[in-house]
Amino acid sequence: MYTALYRKFRPKFFSEVKGQETVITTLKNQIKSDRIGHAYLFCGTRGTGKTSVAKIFAKAVNCENPKDGEPCGECRICKAIADGSSMNVVEMDAASNNGVDAIRQIRDDVGYTPPEGRFTVYIVDEAHMLTDQAFNALLKTLEEPPSHVIFILATTEARKILDTILSRCQRYDFRRIEPDVIAGHLMELLKIEGVSAEDKAVDYIARMADGSMRDALSLLDQAIAFYLGQELTYDRVLSALGGVDTELFSRLYAAILEENIKDALEVVNEAMMSGRDLSLFVSDFCWYLRNLLLAKNVGDLTGLVDLSSQDMEILQDQAKQSSANALMRYIEICSELSSSLRFSAQKRILTEVAMIRLMKSESDTDLTALLERMDKMEAKLEKGIPVRQAETVVNVVPVQENKPSEKKKIVLPAVSEDIKELKRVWPELVESLDIGKMVRAVIKEPIQSPKKEDTICFIVENNIGYDTLSDEKLLDEMKTACEERIGKKIQIEIVNKLSAGKEEIDLLEAMKEKINMEITEEE
Ligand SMILES: Nc1ncnc2c1ncn2[C@@H]1O[C@H](COP(=O)(O)OP(=O)(O)OP(=O)(O)O)[C@@H](O)[C@H]1O
Ligand SMILES: [Mg+2]
Ligand SMILES: [Zn+2]
């Protein structure tokens, strides 16, 4: 029978846990110096080792021959804990509906000393799912834990844990695991399993896992199962894990490049006929355009764009034929389309109109469209193609008033200490949020609003960024994290570069500089 990798390779010793050095060192030191606490809170993203470490800890504190803080793995107690038959470990899942009952049971049981070993370790998984009642019942127990009892609460959402519980627990934060640490681990396991794999394939999986070792192992499982008995190549992994099929998009883009409306609409039709959701189709196409733009501007795309080598060739080729200005305009149109599709019953028509707009830059009079036309003309001129009497484009381009910039004197407000504090701890704070890579990249710089001291702003480049960050749940999560840090209410504002005035952006940029300068000066 095939056992899933993440079950087969559950770490049995502290030394086998990857990427959680701080946590492990502290726990081992406690065991070595016999200063064991009675209540622990393990927080962190899914699949980073919380439950595994809790079990190893339970073994180590009960083991008959512990070595250097590690359990021996061979004594009766270690073995019993490993096979789940030990009375020294009681596991409960707070997400199951009998949370209250289970906690009550714990409360009744904690009085008894374990029949063997020193401690009974209660592992409460998904602790944030405990109901208020269950929390209160648990709190009673935490207030006076008998000396032979250890509680380990594990959660992916520390923010949902009551303060009263938090203050009684030692808190350990499990970090997202770095892609290269994950990749290293996967390589080791593949060797043990006798599966050969390309580095690039493994790196891709490690990146997709976004910090979670369990996700990495499940992805690896899927890829192995798909190509059983064959080498894991990058292309195979991509196709097994369903990297978006780019064939449709490269065809659509080819049609756009040729300004062939019929072909473009044909692709849209095909997508619909094959049962694709048009909103998804359009947002995936946005990604395709984004990849093109990157291909145009960045030499080495490793890690930025995941495509099979064949698709990558097509992408590079299409990028060569496009201008950056055009691509930016396409992305803008498509992201606009993507947000209007969400609320529209006329998805098909809207999509078709947008496709036509993409190809008819002549009908657009905004600056980007004009720039794009200039680009096209230049390209034609270079190739020696006569430019069709180009509607005197040059005259239409608004002439930038190039007065020697008489900089308006603006008085920026003082930078608040709270914002400085936030700015200092920002990388760490962002790390603690359960958010995707994209979002992480966009919120890398909190800026104090030039108008309101209690507001932080994030500048986003376009509508995609704006939509992504305007998610209420996400904003709430960020707000709570900030407020917890500085102990004060705070507002968050997302400023879209496309719709904000130049003055507003300049002011924000100036504010950003000021914050950075003051912080550097203090250091
Ligand atoms: N730090 C790690 N080092 C090595 N393997 C790990 C690590 N974290 C997770 N794994 C792998 O993932 C599996 C699941 O890990 P574990 O159950 O400990 O995660 P968790 O943090 O408790 O996740 P969840 O939040 O979903 O409960 C383990 O069996 C192991 O194979
Ligand atoms: Mg767990
Ligand atoms: Zn032992």
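It should be emphasised that the depicted structure is a prediction, and the values quoted were computed from it without experimental measurement.

**Q** Please explain the overall build of the protein chain as it appears in this structure.
**A** For the protein chain, the helix and strand inventory stands at 24 helices and eight strands. Residue burial in the protein chain is summarised as follows: out of 523 residues, 32% are buried.

**Q** How should I be thinking about the site of ligand 1 in this particular structure?
**A** Taken together, the neighbourhood of ligand 1 is formed by 23 residues, with Arg10, Gly49, Lys50, Thr51 and Ser52 sitting nearest. Put simply, the parts of the chain that give the shell around ligand 1 at least two residues each are α3 (50-62) and α10 (213-226). When its residues are assigned to classes, the shell around ligand 1 shows eight nonpolar, nine polar and six charged. The residue makeup of the shell around ligand 1 includes at least three contributed by each of domain 1 (5-174) and domain 2 (179-240).

**Q** Which parts of the structure should I look at to understand the sheet that holds strand β1 (residues 39-44)?
**A** Across the sheet, five strands lie side by side as β2-β3-β4-β1-β5; this open sheet has parallel pairing. Edge positions in the open sheet fall to β2 (89-93) and β5 (170-174), since each of these has one partner strand only. Pairs of neighbouring strands in the sheet enclose a mean axial angle of 15 degrees, with direction left out of account.

**Q** How do you make sense of the nonpolar core when you look at a structure like this?
**A** Across soluble globular proteins, nonpolar side chains have a tendency to be buried as a group. Grouped together as the largest cluster of nonpolar side chains are 47 residues, with contacts concentrated most on Phe42, Phe57, Val124 and Ile152. Ranked by residues supplied to this core, first place goes to α3 with seven residues. In contact with Phe57, not counting residues within four places along its chain, are Leu27 and Ile152.

**Q** I tried to follow α3 on my own but got confused; where do I start?
**A** Residue pairs spaced three or four apart in an α-helix point in one direction, given the helix's 3.6 residues per turn. Here α3 spans 19 Å end to end across 13 residues, near enough to the 18 Å set by a 1.5 Å rise per residue. With twelve of 13 residues buried, α3 lies mostly within the body of the structure.

**Q** Is there a simple way to explain helix α2 (residues 21-32) in this structure?
**A** With twelve residues, α2 ought to run about 16 Å at 1.5 Å a step, and its terminal C-alpha atoms sit 16 Å apart, in line with that. On the buried face of α2, the contacting elements are α3 and β5. Positive phi appears at Asp34, one or two residues downstream of α2, with a value of about 55 degrees.

**Q** Help me understand the sheet that holds strand β6 (residues 447-448), please; the structure alone is not making it clear to me.
**A** Whether parallel or antiparallel, the strands of a sheet pair through hydrogen bonds between backbone atoms. The three strands are arranged β6-β7-β8 in an open sheet whose pairing can be described as mixed. Here the strands that pair on one side only, and so sit at the sheet edges, are β6 and β8 (491-496). Sheet topology note: the β6/strand β7 (residues 455-460) ladder contains two bridges and is antiparallel. Counterpart to Ile447 in the pairing with β7 is Cys457.

**Q** Sorry, what's going on with unusual backbone geometry here?
**A** Most peptide bonds are trans, and most residues other than glycine sit at a negative phi. Despite not being glycine, Asp34 shows a phi value in the positive range, around 55 degrees. One can find Asp34 in the loop between α2 and β1. For Asp34, a count of 7 C-beta atoms within 10 Å corresponds to the exposed category. In the Ramachandran plot, Glu259 falls in the positive-phi region, its phi being about 55 degrees despite a non-glycine side chain. Tracing the backbone through its elements, the reader meets Glu259 in the loop between α12 (247-257) and α13 (261-273). Glu259 gets classed as partly exposed once you count the C-beta atoms within 10 Å, which come to 13.

**Q** Hey, could you run me through the confidence of the model for the protein chain in this one?
**A** Atom-level detail of predicted coordinates should not be read off regions where pLDDT is low. For the protein chain, per-residue confidence averages 84 on the pLDDT scale, and residues scoring 70 or more make up 90% of the total. The secondary-structure element of the protein chain with the lowest mean pLDDT is helix α19 (residues 393-396), recorded at 36, while α3 shows the highest, at 97. Contacts of residues 388-408 to residues separated by more than four positions or lying in other chains number six contacts, the stretch itself having pLDDT below 50.

**Q** I tried to follow the packing of α12 against helix α14 (residues 278-297) on my own but got confused; where do I start?
**A** To describe two helices that pack against each other, one gives the angle between their axes and the distance between the axes. Running from N to C, α12 and α14 cross one another at 70 degrees; their axes reach a closest spacing of 10 Å. Judged by the inter-axis angle, α12 sits roughly perpendicular to α14. Together, Phe249, Leu252 and Tyr253 of α12 and Asp284, Phe285 and Tyr288 of α14 make up the contact between the two elements.

**Q** Which parts of the structure should I look at to understand the environment of Asp311?
**A** By secondary structure assignment, the location of Asp311 is in helix α15 (residues 309-321). Looking at Asp311, the number of C-beta atoms within 10 Å reads 22, which means it is buried. It is 7.8 Å that separates the C-alpha atoms of Asp311 and Glu247, two residues lying 64 residues apart in sequence.

**Q** Explain the packing of α13 against helix α17 (residues 347-359) here, please?
**A** Two elements in contact, α13 and α17, have axes separated by 10 Å at closest approach and are oriented at 150 degrees. Overall, the two elements α13 and α17 adopt an arrangement that is roughly antiparallel. Crossing of α13 over α17 shows right-handed handedness. Each of Ile261, Ala264, Leu265, Val268 and Met272 in α13 lies in contact with α17, whose residues at this interface are Arg348, Thr351, Glu352, Met355, Ile356 and Met359. Here the residues of the contact of α13 with α17 sort into eight nonpolar, one polar and two charged.

The rules we used
- Residues numbered from 1 in each chain as written.
- Chains lettered and ligands numbered in written order.
- Predicted model: local features only at pLDDT ≥ 70, side-chain atom pairs only at ≥ 80, totals over all residues.
- Helix = DSSP H or I, 4+ residues; strand = E, 2+ residues; numbered from the N terminus.
- Buried ≥ 20, exposed ≤ 12 C-beta atoms within 10 Å, placed from the backbone.
- Near = placed C-beta within 6 Å.
- Nonpolar A, V, L, I, M, F, W, Y, C, P; charged D, E, K, R; others polar.
- Domains from an automatic or database assignment.
- Pairing = 2+ DSSP bridges.
- Axes fitted to C-alpha atoms, helices over the stretch in contact; angles between N-to-C directions.
- Core = buried A, V, L, I, M, F, W, Y, C linked by C-beta atoms within 7 Å.
- Contact = placed C-beta atoms within 7 Å.
- Expected span 1.5 Å × (residues − 1).
- pLDDT = per-residue confidence, 0-100.
- Parallel < 35°, antiparallel > 145°, perpendicular 65-115°, else oblique.
- Left-handed = near helix turned anticlockwise from the far one by under 90°.

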